[in-house]
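Listed here are the chains, written in short residue letters.
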Amino acid sequence: MLTLTFLVTTIFNLYVKVLLLRIWMQWVRCDFYNPFSQFVVKITQPVVKPLRRVIPSVGPLDSASLLLAYVISVLSFTLLFAIQTRVFIFDPIFFYYGLVSVVKAAGVLVFWVIIIRSLMSWISQGRNPVDYVLIQLTEPLMAPVRRIIPAMGGIDFSAMAVILILYMLNYLGMDFIPGWAQL
């Protein structure tokens, strides 16, 4: 059972994060001719394209992808509950868990994109197509921090500051939102 739970959780969480990455890329107007952007679009397009015919975008927000990420999160909790209890019931609390899970997945996605960008800045130095997309994604978050905390001695502390803010928001979520820590 643990193997099946791990497999279901991993597959659903990865796809939710890819959907959230697509939303984020559209939000910051990322270069969609980039190979990494094309990969994200090709993975999500078969499911998002039919939904877009029914659910229109709200401004720069891809509401079809966001709704799909939410539905997948709710289905994930329903399926995990069915696997663990061997009883398939749909509890309304799964709607709440799905919402909290999507918000937390967005925070985790931002955290890992910043970490990967920081690590790639040591290795690729901007020559990789993935690096270009990561810069486009994280620069709107890191530029305001960079104005407050300038680089000292050639070291940019903006990534560390944004990660500390994410940690603070995570602890704030644990304080005020029931079930935040378990998701």
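Definitions and cut-offs
Residues numbered from 1 in each chain as written. Predicted model: local features only at pLDDT ≥ 70, side-chain atom pairs only at ≥ 80, totals over all residues. Heavy atoms only, no water. UniProt positions renumbered as here; feature names shortened; annotations may be inferred. Salt bridge = Lys/Arg side-chain N within 4 Å of Asp/Glu carboxyl O. Buried < 20%, exposed > 50% of the residue type's maximum accessible area, 1.4 Å probe, protein only. Helix = DSSP H or I, 4+ residues; strand = E, 2+ residues; numbered from the N terminus. Contact = heavy atoms within 4.5 Å. Expected span 1.5 Å × (residues − 1). Bend = angle between axes of the 7 residues up to and from the residue. Polar contact = N/O pair within 3.5 Å; in protein donor to acceptor, adjacent residues only side chain to side chain. Axes fitted to C-alpha atoms, helices over the stretch in contact; angles between N-to-C directions. Parallel < 35°, antiparallel > 145°, perpendicular 65-115°, else oblique. Left-handed = near helix turned anticlockwise from the far one by under 90°. Nonpolar A, V, L, I, M, F, W, Y, C, P; charged D, E, K, R; others polar. Core = buried A, V, L, I, M, F, W, Y, C linked by side-chain atoms within 4.5 Å.

- Under an unreviewed UniProt entry, the name given to the protein is YggT family protein, and the organism recorded is Winslowiella arboricola.
- For the protein, the Sequence similarities (unreviewed entry) comment in UniProt is given as "Belongs to the YggT family."

**A short note on the pattern of salt bridges**
Thinking step 1. Across all of its chains, the model carries five salt bridges by this definition.
Thinking step 2. Across the pair R146 and E139 runs a salt bridge, and its minimum N-O distance is 2.4 Å.
Thinking step 3. Judged by its relative accessible area of 25%, R146 is partly exposed.
Thinking step 4. Linked through salt bridges whose partners overlap, the residues forming this network are R117, E139, R146 and D156.

**A look at the environment of A105**
Thinking step 1. Within the secondary structure layout, A105 lies in helix α4 (residues 93-123).
Thinking step 2. The exposure class assigned to A105 is buried, which follows from its relative accessible area of 7%.
Thinking step 3. The contacts of A105, once residues within four sequence positions are left out, are V16, K17 and L20.

**A word on helix α5 (residues 129-148)**
Thinking step 1. Between the first and last C-alpha of α5 there are 29 Å, a value that for 20 residues agrees with the 28 Å anticipated at 1.5 Å per step.
Thinking step 2. The axis of α5 is deflected most strongly, by about 55°, at E139, and proline P140 appears within four residues downstream.
Thinking step 3. Within α5 the residues assigned to the buried category are D131, V133, L134, Q136, L137, T138, M142, A143 and V145.
Thinking step 4. Of the surrounding secondary structure, the elements contacted by the buried residues of α5 are α1 (2-27), α2 (35-54), α4 and α6 (158-176).
Thinking step 5. Two to three positions downstream of the cap, the backbone nitrogen of V130 sits 3.2 Å from a side-chain oxygen, assigning the N-cap of α5 to N128.

**A closer look at the packing of α4 against α6**
Thinking step 1. In contact at an axis separation of 10 Å, α4 and α6 are set at 160° when each is read in the N-to-C sense. It follows that α4 is roughly antiparallel to α6 by the angle criterion. Relative to α6, α4 is oriented so that their crossing is left-handed. Residue-level contacts link K104, G107, V110, F111, I114, I115 and S118 of α4 to A159, V162, I163, L166, Y167 and N170 of α6.
Thinking step 2. Class assignment of the residues belonging to the contact of α4 with α6 gives a composition of nine nonpolar, three polar and one charged.

**So, the nonpolar core**
Thinking step 1. L20, L21, W24, M25 and L137 are the most contacted members of the largest nonpolar core, which has 33 residues in total.
Thinking step 2. When residues no more than four places from it in sequence are discounted, the contact partners of L137 are L21, W24, M25, V28 and V113.

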